[in-house]
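Topology and contacts: notes
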Amino acid sequence: MASFPHQRIAIIGTTAAGKSTLAEALSEKFNLPYVELDALYWGPNWTPVPFEEFWDQVETAIEGDRWVVVGNYQSVRWLIWDKADAIIWLDYPFRILFWRLLKRTVQRSLSRELLWGKNRDTFGRHLKFWSQDSLFFWLFKTYWQRKRETPFFLSLPSFNEMKIFHFKHPKQTEAWLNSLVIDA
């Protein structure tokens, strides 16, 4: 069993990597406030909130000494990473992410799950692979970009003291999560 002393955690990874699921598990296990960047960014009808409002909400959410933040928004990356004491990068193979995204999209479309209290996913929206509204488009657009830029960003001198967890398969992440114990 491994102890987990981190109190300000940023979870990053491509669409459908399981960032939110991991954040919820860490939040529950260690009683950490959970911050979902998508919930702060998206208004009704998938309309982004104004940038200043988004920035202010993120800044307020990470004012405390304890939190787990999930998301990849470039506009607030440094705000979050500069305050984090650990970054968890879920860096899974494309085939796993594509399959997870397909399964999740179908489930959410059929269940009409309400996302962040404001929006619902529809399968038709995501089937338009060429549309920027499609998460499949987003996966294709960002997967290789994140594979290139994330190692570069995490290698910057300002992150030399940062604890970085880099998981390349969901089973690796699950085993790590199950090995964690609460510090007494």
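Just so it is clear, the model here is predicted, and its values are computed rather than measured. (Residues numbered from 1 in each chain as written. Predicted model: local features only at pLDDT ≥ 70, side-chain atom pairs only at ≥ 80, totals over all residues. Heavy atoms only, no water.)

**Considerations on the packing of aromatic side chains**
For the coordinates displayed, the defined rule picks out 19 aromatic pairs. With a centroid separation of 5.4 Å and 80° between ring planes, the pair formed by Trp78 and Trp81 is classed as edge-to-face. Within this pair, Trp78 and its partner Trp81 are both found in helix 4 (residues 77–81), separated by three residues, close to a single helical turn. Considering the side-chain rings of Tyr143 and Trp144, the 4.9 Å spacing of their centres and the 80° angle between planes classify their relative orientation as edge-to-face. By relative accessible area, Trp144 is classed as partly exposed at 41%. Among the aromatic side chains, those forming a connected cluster through ring pairs are Trp78, Trp81, Phe152, Phe153 and Phe159. Between Arg77 and the ring centre of Trp78, over which it is positioned, the NZ or CZ distance is 5.7 Å. The ring of Trp81 carries Arg77 above its face, with NZ or CZ at 5.6 Å from the centroid. (Phe/Tyr/Trp six-rings, centres within 6.5 Å; stacked < 30°, edge-to-face > 60°. Helix = DSSP H or I, 4+ residues; strand = E, 2+ residues; numbered from the N terminus. Buried < 20%, exposed > 50% of the residue type's maximum accessible area, 1.4 Å probe, protein only. Lys NZ or Arg CZ within 6 Å of the ring centre and 35° of its normal.)

**Side note on a negative patch on the surface**
A cluster of acidic residues, Glu52, Glu53, Asp56, Glu59 and Glu63, forms a negative patch at the surface. Structurally, the position occupied by Glu59 is in helix 3 (residues 51–61). In this structure Glu59 comes out as partly exposed when scored by relative accessible area, which is 32%. (Patch = residues over 30% accessible without salt bridge, like charges linked within 9 Å, V, L, I, M, F, W, Y side chains within 5 Å. Areas by Shrake-Rupley, 256 points an atom, 1.4 Å probe, with all protein chains shown as cover. Salt bridge = Lys/Arg side-chain N within 4 Å of Asp/Glu carboxyl O. Lys, Arg positive; Asp, Glu negative; His and termini not counted. Charge placed at Lys NZ, Arg CZ, Asp CG, Glu CD.)

**Focus on the confidence of the model for the protein**
Per-residue pLDDT for the protein has a mean of 86; in total, 83% of the residues score no lower than 70. Confidence scores differ between elements of the protein, with helix 6 (residues 123–127) showing the lowest mean pLDDT of 50 and strand 6 (residues 67–70) the highest of 98. (pLDDT = per-residue confidence, 0-100.)

**What about the pattern of salt bridges?**
Applying the stated criterion across every chain, the model contains three salt bridges. One salt bridge in this structure joins Lys147 and Asp91, with 2.9 Å as the shortest N-O distance. A residue pair is termed long-range when its members are at least 10 positions apart, and Lys147 in helix 7 (residues 135–154) and Asp91 in the loop between strand 7 (86–90) and helix 5 (94–111) qualify at 56 residues. Judged by relative accessible area, which is 35%, Lys147 ranks as partly exposed. In this structure Asp91 comes out as buried when scored by relative accessible area, which is 7%.

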